[in-house]
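Examining the three-dimensional arrangement
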Amino acid sequence: MPEPTQEHWLKIAETFLSVTNFPNCIGAIDGKHIRIVKPAHSGSLYYNYKHFFSTVLLAICDANYCFIAVDIGDYGKNSDSSIFKNSIFYQRLIKKELNIPENSSFPEGEESKLPFVIVGDEAFGLSQNVMRPYGGKHLSTQKKVFNYRLPLNVSEEFAEDIIKACVILHNFVRIRDGNTLDFEDTLSYEGLIDEHGSPDNTSGKAATSIREQFADYFMGAGEVPWQYE
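What this report covers is the structure whose coordinates are included nearby. What you are looking at is a predicted structure, and each value in this text was computed from that prediction instead of being measured.

**Examining the pairing of strand S1 (residues 25-35)**
Pairing between S1 and strand S6 (residues 117-119): three bridges, direction parallel. Paired with Gly 27 across the bridge in S6 is Ile 118. Strand direction decides the pairing type here: S1 and strand S2 (residues 54-61), joined by eight bridges, are antiparallel. Along S2, the bridge assignment pairs Arg 35 with Ser 54.

What follows is the structure, given as structure tokens:
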């Protein structure tokens, strides 16, 4: 998974717009708990809210469900949001070090320019580059439409397919490279890995405003006829 260039991010955004009618989207993020036997001397670190021991696969995918970046191996007790915020990817995201293109206007002649965003479910915090659904049960039509239009696929079936793909990929790599690799080599991955204790400097008010503008777009120039069904 090479680090995306600005041109690559733009192609991802074009595909999301074509497939999901969601503009300025450069990825979808979600986590999956992978069941494991309790590691020795680990206490409750790997014990998750679903009441089993697990390690976490956190992944950002493009519109074709291809991985852009992953975090593998965090404690099962940690939330998706905390794993994301403690990652190098997130730190580079808020520092604008990921080659993400400058703010861009929406199609159909929209004048205001908005940032490119990653979409996630309610487990993730809202920020200028991360969009999550509106919370609550009594939502306006506009907010319900936004939540519907958020291009997520978080079904159990899809999550299982991801894990199956990882298993097959593991076998492929082991067969290709043989069994001569050092064990330590198999534990290192440079990309979206853990880095604890970094600050979040995004503005909550700005992020809320950005989400409102996405919601406005889906009720106007970006409206699709089936969104009210």
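Resuming the write-up.
**Describing unusual backbone geometry**
In the Ramachandran plot, His 51 falls in the positive-phi region, its phi being about 70° despite a non-glycine side chain. Here His 51 is to be found in the loop between S1 and S2. At Asn 99, a position not held by glycine, the phi torsion is positive, near 65°. Since its relative accessible area comes to 38%, Asn 99 is described here as partly exposed.

Criteria and thresholds
Residues numbered from 1 in each chain as written. Predicted model: local features only at pLDDT ≥ 70, side-chain atom pairs only at ≥ 80, totals over all residues. Heavy atoms only, no water. Pairing = 2+ DSSP bridges. Helix = DSSP H or I, 4+ residues; strand = E, 2+ residues; numbered from the N terminus. Buried < 20%, exposed > 50% of the residue type's maximum accessible area, 1.4 Å probe, protein only.

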